[in-house]
Amino acid sequence: MNEQRPLDRSIPLWRQIAITLQTAISGGVFAPGARLPTEAELSARFDVNRHTVRRAMEDLENRGLIRVEQGRGSFVTEDILEYPISARTRFHDNMRRQNKDVRSRFIRIEEMPAEAQIADDLRLRRGRPVILAERLSEADGRPVAIGRHWFPADRFPSIATRLAEAESISKVLAQFDIPDYVRRGTRITARLPTAPEAVLLEQPRILPVQVTHAVNLDLQGNPIEVSIGIYPSNRVQLVIKS
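Residues numbered from 1 in each chain as written. Predicted model: local features only at pLDDT ≥ 70, side-chain atom pairs only at ≥ 80, totals over all residues. Heavy atoms only, no water.

Visitor: Quick one: what's the story with helix H2 (residues 39-46), residue by residue and with numbers?
Guide: The complete set of buried residues in H2 reads Leu-42, Ser-43 and Phe-46. Across the axial projection of H2, the buried residues extend over an arc of 105 degrees, all falling on one side. The positive-phi residue at the C-terminal boundary of H2 is Asp-47, with phi of around 60 degrees. (Buried < 20%, exposed > 50% of the residue type's maximum accessible area, 1.4 Å probe, protein only. Helix = DSSP H or I, 4+ residues; strand = E, 2+ residues; numbered from the N terminus. Arc of directions from axis to C-beta.)

Visitor: Requested: an account of the side chain of Gln-16, with residues and values cited.
Guide: Within the secondary structure layout, Gln-16 lies in helix H1 (residues 13-26). Ignoring sequence-local partners within four residues, the contact set of Gln-16 consists of Leu-7, Asp-8 and Ile-11. (Contact = heavy atoms within 4.5 Å.)

Visitor: Break down the sheet that holds strand E9 (residues 223-232) for me, citing the residues and quoting the values.
Guide: With antiparallel pairing, 6 strands are arranged side by side in an open sheet as E4-E5-E6-E9-E8-E7. The outermost strands of the open sheet, each flanked by one partner alone, are strand E4 (102-113) and strand E7 (182-191). In this sheet, adjacent strand axes meet at a mean angle of 15 degrees when their direction is disregarded. By the bridge criterion, 8 bridges tie E7 to strand E8 (residues 209-217) in an arrangement that is antiparallel. Among the inter-strand pairings, Ala-190 is bridged to a residue of E8, identified as Gln-210. (Pairing = 2+ DSSP bridges. Axes fitted to C-alpha atoms, helices over the stretch in contact; angles between N-to-C directions.)

Visitor: Break down the packing of aromatic side chains for me, with residues and values.
Guide: Across all of its chains, the model carries 3 aromatic pairs by this definition. Their ring planes at 40 degrees and their centres at 5.1 Å tell us that Tyr-83 and Tyr-231 sit as a pair that is tilted. Taken as a pair, Tyr-83 in strand E3 (residues 81-85) and Tyr-231 in strand E9 lie far apart in primary sequence, 148 residues in all. One exposure class covers both Tyr-83 and Tyr-231, and it is buried. (Phe/Tyr/Trp six-rings, centres within 6.5 Å; stacked < 30°, edge-to-face > 60°.)

Visitor: Now, about the pattern of salt bridges: what can you tell me, with residues and values included?
Guide: Using the criterion set out here, one finds 12 salt bridges in the structure. Its salt-bridge partner being Asp-101, residue Arg-103 comes within 2.7 Å of it at the nearest N-O pair. Counted as one network, the salt bridges with shared partners bring together Arg-108, Glu-110, Glu-134, Arg-148, Arg-191 and Glu-197. (Salt bridge = Lys/Arg side-chain N within 4 Å of Asp/Glu carboxyl O.)

Visitor: Before we move on, can you summarise the side chain of Arg-235 with the specific residues and values?
Guide: With respect to the helices and strands, Arg-235 occurs in the loop between E9 and strand E10 (236-240). At 2.6 Å, the side chain of Arg-235 and the backbone oxygen of Pro-143 are in polar contact. Within the structure, Arg-235 has its side chain in polar contact with the backbone oxygen of Leu-201 (distance 2.8 Å). When near neighbours in sequence (up to four residues on either side) are disregarded, Arg-235 contacts Asp-79, Ile-80, Leu-81, Arg-142, Pro-143, Leu-201, Glu-202 and Gln-203. (Polar contact = N/O pair within 3.5 Å; in protein donor to acceptor, adjacent residues only side chain to side chain.)

Visitor: Could you give me a rundown of the packing of H1 against helix H3 (residues 50-62), with the residues and numbers involved?
Guide: Contact pair H1 / H3: the axes reach a minimum separation of 8 Å and the direction vectors enclose 50 degrees. Between H1 and H3, the interaxial angle falls into the category oblique. The way H1 lies across H3 gives a crossing that is right-handed. Only Thr-52, Val-53, Arg-55, Ala-56, Met-57, Asp-59 and Leu-60 of H3 make contact with H1, whose side of the interface consists of Leu-13, Trp-14, Ile-17, Ala-18, Leu-21 and Gln-22. (Parallel < 35°, antiparallel > 145°, perpendicular 65-115°, else oblique. Left-handed = near helix turned anticlockwise from the far one by under 90°.)

Spatial relationships are all this shows, so hold off on functional conclusions.
Take a look at the structure:
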């Protein structure tokens, strides 16, 4: 940024700082993904206390212009990813088409009795065993999705072990003689994230997430998976493909 002029004391100082930083971001002074000056550096530059700077940074974060990473600092939000949704939506394929470095890791895999909605989606009796696999996916080092996937345990007796050793769900399903599968529609909603979701996605809790709910079918029309995806609204744009 250029040499800082004195702030107008008749206008909230944090707001002036936020506007100055926003102007610098939109003007290309700080590129997408760039690290912003520290609170201490901004306090000295604007001649204000760190609480005032923190208030300005919170405003920028709440509006999705920057992201704050604990222990690392504040960064300009990168370009929003497009995530196409179609009859054959595959997360890794979507990201790689956009030349993104994709990484996924399962954070929970466990067997449990099927709750009402999951049982209905999978055409099971309520309480029948299902395998829940929850994973966090990143693109270019940024968290972009939490995926929760339920599979009927009776049809896939060893899927928990196989998922723990793999990154791709599609490749695991192929091991069960399911080389291809399709979606039975996708329902999209928006809500605020839970505290654990906000931590995983590295975003504030007041920033909404987009939620997709889909049922995948084998080519004979049998449900094989319930998939719920949770996406940060400031990083991912869902696009419906016909």
